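Fold and contact review
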Amino acid sequence: NTVIGLYTDDMGNTWALLNNGINILFYNKPLSVKTQADGIESAVMAVEYFNETEYIGTYSSILYRNANDEKFSKLSSDPAVCWTFLRKDDRLLASYGFDIVEVNGTGLKSIYNGNTSYSLALSPKFNDIIFSGQDGLYALKDDGTQLQEVFEFPECMDLPIRKIEFDHKGRL
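In what follows, the accompanying structure is described. (Residues numbered from 1 in each chain as written. Predicted model: local features only at pLDDT ≥ 70, side-chain atom pairs only at ≥ 80, totals over all residues. Heavy atoms only, no water.)

Digging into the sheet that holds strand S6 (residues 62–66)
Strand pairing in a sheet is mediated by backbone hydrogen bonds. Such pairs are either parallel or antiparallel. Here four strands make up an open sheet; going across it, the order is S4-S5-S6-S7 and the pairing antiparallel. Taken across any chain shown, the strands that pair with only one partner, and hence form the sheet edges, are strand S4 (44–50) and strand S7 (73–74). As paired elements, S4 and strand S5 (residues 53–58) share six bridges and run antiparallel to each other. The residue of S5 that forms the bridge with valine 47 is isoleucine 56. (Pairing = 2+ DSSP bridges. Helix = DSSP H or I, 4+ residues; strand = E, 2+ residues; numbered from the N terminus.)

Okay, here's the thing in C-alpha cells:
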C-alpha cells in the first residue's frame, strides 16, 4: 500500500488515505512493540491474541508466545508465509503456505490444501462457510475438522484477493 495522506480525528485516531482505500490506526489504544530481540525473524504479516497466547504470522513462520514466555517460538520448522489469522468459534485458523491450518496450542494441523490464502473471512449468513481470498475467491465448507471447496467465484478467477469484507446486509 502507498500512503497518500494522513488525518487525525477528534478522538486521536489517525486515518491513512491509501492508494487502494482507507485505514484507521487506533493510537488511543494500548500499543506494544515487538522486535528481533523478541524472536521475530522476518516481516510481520498478521497478529492475533487467542486463548492467552500471542500469535504472529510472518513471511517465514507462525510464532507464538505465552504470557510467561520471554521470546516467541516457532510453531513449525517448515518455512512458509502466514498471511492472515481467522477466529472461528473456539478455533484459530491461519493461512500458512498452501494450507489453511488450525492452530492448536503449540502445533499446526492442516485442514485445507489448495492455493495460498491471502485473506480469510467468516460468512455472516452461513456459520459453516469460510471465504478464502486466493488467486480467486472461494467458498469453503467447514465440517469442524476439514475445509472443502464448494464454490469458486468465476468473476474473481485469477485475481489476487487480499481482503474480504461484507456490507451491513452480509453481502460480499
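As for the nonpolar core
The biggest cluster of nonpolar side chains holds 14 residues, and the ones touching the most others in it are Tyr55, Ile62, Phe85 and Ala94. Setting aside chain neighbours within four positions, we find phenylalanine 85 in contact with Ala46, Val47, Glu48, Tyr55, Ile56, Gly57, Ile62, Leu92, Leu93 and Ala94. (Core = buried A, V, L, I, M, F, W, Y, C linked by side-chain atoms within 4.5 Å. Buried < 20%, exposed > 50% of the residue type's maximum accessible area, 1.4 Å probe, protein only. Contact = heavy atoms within 4.5 Å.)

Comments concerning the sheet that holds strand S12 (residues 119–122)
Spatially, S12-S13-S14-S15 is the arrangement adopted by the four strands of the open sheet, whose pairing is antiparallel. Two strands lie at the open edges of the sheet, namely S12 and strand S15 (147–152), each paired on one side alone. Each neighbouring strand pair of the sheet contributes to a mean axis angle of 30°, computed without reference to strand direction. Judged from the five bridges that link them, strand S14 (residues 136–142) and S15 form a sheet pairing that is antiparallel. Within S15, the position partnered with aspartate 142 by the bridge is leucine 147. (Axes fitted to C-alpha atoms, helices over the stretch in contact; angles between N-to-C directions.)

Quick look at the packing of aromatic side chains
As enumerated under the stated definition, the model contains six aromatic pairs in all. The interplanar angle of 50° and the centroid separation of 6.1 Å between the aromatic rings of phenylalanine 131 and phenylalanine 153 together place this pair among those described as tilted. Here phenylalanine 153 lies in the segment after S15 and phenylalanine 131 lies in strand S13 (residues 129–134), a separation of 22 residues in the sequence. With respect to burial, phenylalanine 131 and phenylalanine 153 carry one shared label: buried. Among the aromatic side chains, those forming a connected cluster through ring pairs are Phe131, Phe151, Phe153 and Phe166. The lysine or arginine in question, arginine 162, covers the ring of tyrosine 118, its NZ or CZ lying 3.8 Å from the ring centre. (Phe/Tyr/Trp six-rings, centres within 6.5 Å; stacked < 30°, edge-to-face > 60°. Lys NZ or Arg CZ within 6 Å of the ring centre and 35° of its normal.)

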